[in-house]
Amino acid sequence: MTLLGLVGGATVGAVALRPAYESAAQVLVHPITADTSKASVPVSPAAMGTERELVYADGVAFLVQQRTGWSESPVELRRPLRVSIEGGTQTMTVRYRADNPVRAQLGAQLFAESYLAYRA
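These numbers were taken from a predicted model, which means no experiment stands behind them.

Conventions used here
- Residues numbered from 1 in each chain as written.
- Predicted model: local features only at pLDDT ≥ 70, side-chain atom pairs only at ≥ 80, totals over all residues.
- Heavy atoms only, no water.
- Pairing = 2+ DSSP bridges.
- Helix = DSSP H or I, 4+ residues; strand = E, 2+ residues; numbered from the N terminus.
- Salt bridge = Lys/Arg side-chain N within 4 Å of Asp/Glu carboxyl O.
- Buried < 20%, exposed > 50% of the residue type's maximum accessible area, 1.4 Å probe, protein only.

**Brief notes about the pairing of strand β2 (residues 81-85)**
Side-chain direction in a regular strand flips from residue to residue, so the side chains alternate between the two faces of the sheet.
And then number 1: Note: β2 against strand β3 (residues 91-98), five bridges, orientation antiparallel. Pairing of Arg 82 across the sheet is with Arg 95, part of β3.
And then number 2: What sits between β2 and β3 in their antiparallel hairpin is a turn of five residues, with Gly 87 showing a positive phi close to 55°.

What follows is the structure, given as structure tokens:
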């Protein structure tokens, strides 16, 4: 009975611990301004929080869908997405997790690129 329990537990553990891959892409955020004569003004920390949330927008997920053909809903596409702001900088790191390395890399890269396209 103990052996059966160990084998069953190992099987459940093996299924639950599928390999996961994570890839990251970094984005340097510049302020949007119509005045091109001034030097670039740093983006405020509050604005960086807004920019971070913009990566999660449905419009960004829709652009990812268009570029990849992935059929998941925007909510499902965003589930493995994580976006962080690096310290007090203007750099965001876009991370994407998937069960295969190609999808993880595509997810991170295309969410970063689609954010920039959506923002433009």
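**With respect to the environment of Ile 32**
And then number 1: For Ile 32, the position within the fold is in the loop between β1 (21-28) and α2 (45-54).
And then number 2: For the pair formed by Ile 32 and Arg 119, sequence separation is 87 residues and the distance between their alpha carbons is 8.9 Å.

**Observations concerning the pattern of salt bridges**
And then number 1: Scanning all chains against the criterion turns up six salt bridges.
And then number 2: Across the salt bridge formed by Glu 72 and Arg 103, the nearest N and O atoms sit 3.1 Å from each other. Here Glu 72 is found in the loop between α3 (58-68) and α4 (74-78), whereas its partner Arg 103 is found in helix α5 (residues 101-119), with 31 residues between them in sequence.
And then number 3: Taking the relative accessible area as the measure of exposure, Glu 72 reaches 24% and is therefore partly exposed.

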